[in-house]
Amino acid sequence: MAKRFYSPHDVAVLLGVSPTTVMSRIHDGALPAVRVSERIYRIPVPAFERFVSTRPAPSFEIEYRRVGRVKKLGEPIATPADDLIEA
Amino acid sequence: MILSTQSLNQYVLGLAKALDTRGFEIEGGPVAEFDPTGHVAYSVVGVLDEPGGGHTEIILDEIWRPLPERRWERREYTYDLVDRPRQRRRAFHLHDRELAEAALRAVVHEHCEERIGQPACQHYLGRELPDGFQAIDLLVAAWLEPGDLGCASLICLD
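These numbers come from a predicted model, not from an experiment. (Residues numbered from 1 in each chain as written. Chains lettered and ligands numbered in written order. Predicted model: local features only at pLDDT ≥ 70, side-chain atom pairs only at ≥ 80, totals over all residues. Heavy atoms only, no water.)

Chemist: Can you walk me through the pairing of strand 3 (residues 31–34) of chain B in this structure?
Modeler: Where a strand is regular, its side chains alternate between the two sheet faces. Strand direction decides the pairing type here: strand 4 (residues 63–66) of chain A and strand 3 of chain B, joined by four bridges, are parallel. Counterpart to Arg-65 of chain A in the pairing with strand 3 of chain B is Glu-33 of chain B. As paired elements, strand 3 of chain B and strand 4 (residues 40–49) of chain B share four bridges and run antiparallel to each other. For Val-31 of chain B, the partnering residue across the bridge sits in strand 4 of chain B and is Ser-43 of chain B. Hairpin geometry of strand 3 of chain B and strand 4 of chain B is characterised by an intervening segment of five residues between the two adjacent antiparallel strands and by a positive phi of about 95° at Gly-38 of chain B. (Pairing = 2+ DSSP bridges. Helix = DSSP H or I, 4+ residues; strand = E, 2+ residues; numbered from the N terminus.)

Put into structure tokens, the structure is as follows:
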């Protein structure tokens, strides 16, 4: 299984900057990270790759569609009516 | 969660951007379906192709209902992580409020499958998430988790 996250120290080494700089980018939201505990952060490898990539941020647009009825979300939940049928 | 029309559009675009900055490709862009009742269903799907093969998906679906004065209320949501390389799933759901309360005694539930398709429990007790951004954080954290997802520590509602 490929490595899924870096530590801030890993990222600092990869970028040739200080861990403090990495933490600053995490705190200002530029580098997405997951806070595992008070002092431990994990940077997803894909997020780091996106951070260093030169690909411009896509310009998203919402595609609106008219439908007869909006879709139902999630899987069906067994209904209390099942009890009625069994009774 | 209640937003104005303009804020709702920005919120949905923000979800797509948040997935993009985490390295997920947004398939087809955000989609919104609306029906004659005025309800709108948003869907944002992020796909991550993994180096070892296979892909992971984060699927964010929400249904919003209109309120007076061009405001909207999020009524339902399903936020799912499908981690195919590790064959596991994590999800946070709020749908069919009345039915869920009657059948599960809880409006909100979660899904947790250490092996996709083989859940130890169909519905786990959950808490309502304030927005899709927190869902992204939780789902990415689950994706990063090198050990078990921790399903055994959750409270089963079934």
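Picking up after the structure, the text goes on.
Chemist: Help me understand the sheet that holds strand 1 (residues 5–6) of chain A in this model?
Modeler: By way of backbone hydrogen bonds, the strands of a sheet pair with one another, either parallel or antiparallel. Residue and element names in this part refer to chain A. Overall, antiparallel pairing links the three strands, which are arranged 1-3-2 in an open sheet. Strands with a single pairing partner mark the edges of an open sheet, and in this sheet they are strand 1 and strand 2 (34–35). Sheet topology places strand 1 next to strand 3 (residues 41–44); two bridges connect them, and they run antiparallel. Paired with Tyr-6 across the bridge in strand 3 is Ile-43. Each of strand 1 and strand 3 touches helix 3 (residues 45–52); the most contacted strand, strand 3, lies at about 65° to it. (Contact = heavy atoms within 4.5 Å. Axes fitted to C-alpha atoms, helices over the stretch in contact; angles between N-to-C directions.)

Chemist: I'm lost on the nonpolar core in this one. Help?
Modeler: Soluble globular proteins tend to bury their nonpolar side chains together. One finds Leu-8, Tyr-11, Leu-19, Tyr-42, Ile-58, Leu-60 and Tyr-79 of chain B to be the most contacted residues of the largest nonpolar core, which totals 41 residues. Listed by contribution, the elements that provide at least two residues to this core are helix 1 (5–21), strand 4, strand 5 (55–67), strand 6 (71–83), strand 7 (88–94) and helix 3 (132–144) of chain B. In terms of nonpolar packing, the next biggest core, distinct from the first, is built from 10 residues, Tyr-6, Val-22, Leu-31 and Phe-48 of chain A among them. (Core = buried A, V, L, I, M, F, W, Y, C linked by side-chain atoms within 4.5 Å. Buried < 20%, exposed > 50% of the residue type's maximum accessible area, 1.4 Å probe, protein only.)

Chemist: I tried to follow the pattern of salt bridges on my own but got confused; where do I start?
Modeler: Proximity of charged atoms lets side chains of opposite charge pair with each other. Taken as a whole, this structure holds 19 salt bridges over all chains when the rule is applied. Notably, a salt bridge pairs Arg-50 of chain A with Asp-20 of chain B, separated by 3.2 Å at the nearest N-O pair. In this pair, Arg-50 of chain A is assigned in helix 3 and Asp-20 of chain B in helix 1, connecting two distinct chains. By relative accessible area, Arg-50 of chain A is classed as buried at 11%. Assessed through its relative accessible area of 5%, Asp-20 of chain B is described here as buried. Between Arg-89 of chain B and Asp-80 of chain B there is a salt bridge, with the nearest N and O atoms lying 2.9 Å from each other. Each member of the pair, Arg-89 of chain B together with Asp-80 of chain B, is buried. Salt bridges linked by common partners bring Arg-4 of chain A together with Glu-50, Asp-83 and Arg-88 of chain B together as one network. (Salt bridge = Lys/Arg side-chain N within 4 Å of Asp/Glu carboxyl O.)

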